[in-house]
Amino acid sequence: MSERKTWADRKSEIMNRPGAGAAYEAAKIRFELGEAVRLRREQLGLTQAELAERTGLQQPAVARFEAGGTMPSIPMLERLAEALEMRLNVEFQPLREAG
């Protein structure tokens, strides 16, 4: 009979696979961008439909983005920033500082 693995062991096993770290980082970026948009949208008291109208998107596209389901282009981020009354700031950070 095989021994059950803990979640930490399973995660470590998965993260050691080739390409897993890059996939994780991409997913993390999508999630963080979506969360930032959702929080700002809520601060402004906007619905997803209202944000969609301001950006020229459909409401389901806004929902997917906020859920971390899509990786936006720079022009899309610029449209979102303008609609959210913000300035887009894109920067590079050394890996040791990116955390």
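Residues numbered from 1 in each chain as written. Predicted model: local features only at pLDDT ≥ 70, side-chain atom pairs only at ≥ 80, totals over all residues. Heavy atoms only, no water.

> Is there a simple way to explain the overall build of the chain in this structure?
A count of helical and extended segments in the chain gives six helices and zero strands. Going from N to C terminus, the chain has its helices and strands arranged as α-α-α-α-α-α. What you see for the chain is a C-alpha radius of gyration of 17 Å, clearly larger than the 13 Å of a compact globule of 99 residues, by over 25%. Considering only C-alpha atoms, the chain reaches an extent of 55 × 35 × 20 Å along its principal axes. Taken across its 99 residues, the chain has 21% of its residues classed as buried. Within the chain, contacts between residues separated by at least 24 positions form 53% of all contacts whose residues are at least 6 apart in sequence. One finds the centroid of the 15 positive side-chain charges in the chain at a distance of 5 Å from the centroid of its 15 negative side-chain charges. (Helix = DSSP H or I, 4+ residues; strand = E, 2+ residues; numbered from the N terminus. Rg over C-alpha atoms; globule rule 2.2 N^0.38 Å. Buried < 20%, exposed > 50% of the residue type's maximum accessible area, 1.4 Å probe, protein only. Contact = heavy atoms within 4.5 Å. Lys, Arg positive; Asp, Glu negative; His and termini not counted. Charge placed at Lys NZ, Arg CZ, Asp CG, Glu CD.)

> I keep staring at helix α4 (residues 59–66) and nothing clicks. Help me out?
The periodicity of an α-helix, 3.6 residues per turn, causes residues three or four positions apart to be oriented the same way. Residues of α4 that are buried include every one of Val62, Phe65 and Glu66, and no others. For α4, the angular spread of buried residues about the axis comes to 95°, placing them on one side. Considering only its buried residues, α4 is in contact with α2 (20–43), α3 (48–55) and α5 (74–83). Residue Gly68 follows α4 closely and has a positive phi angle near 85°. (Arc of directions from axis to C-beta.)

> Which parts of the structure should I look at to understand the side chain of Glu66?
Topologically, Glu66 is positioned in helix α4. We classify Glu66 as buried; its relative accessible area is 9%. With residues up to four places along the chain from it excluded, the contact list for Glu66 reads Gly34, Glu35, Val37, Arg38, Arg41, Gln48 and Leu51.

> Can you help me understand the nonpolar core in this one?
The tendency in soluble globular proteins is for nonpolar side chains to be buried side by side. One finds Val37, Leu51, Ala52, Val62, Phe65, Met76, Leu77, Leu80, Ala83 and Leu84 forming the largest nonpolar core, which totals ten residues. Mapped by element, the contributors of at least two residues to this core are α3, α4 and α5. It is α5 that provides the largest number of residues to this core, a total of four residues. Filtering out sequence-adjacent residues up to four positions away, Phe65 remains in contact with Arg30, Leu33, Gly34, Val37, Thr70, Pro72, Leu77 and Leu80. (Core = buried A, V, L, I, M, F, W, Y, C linked by side-chain atoms within 4.5 Å.)

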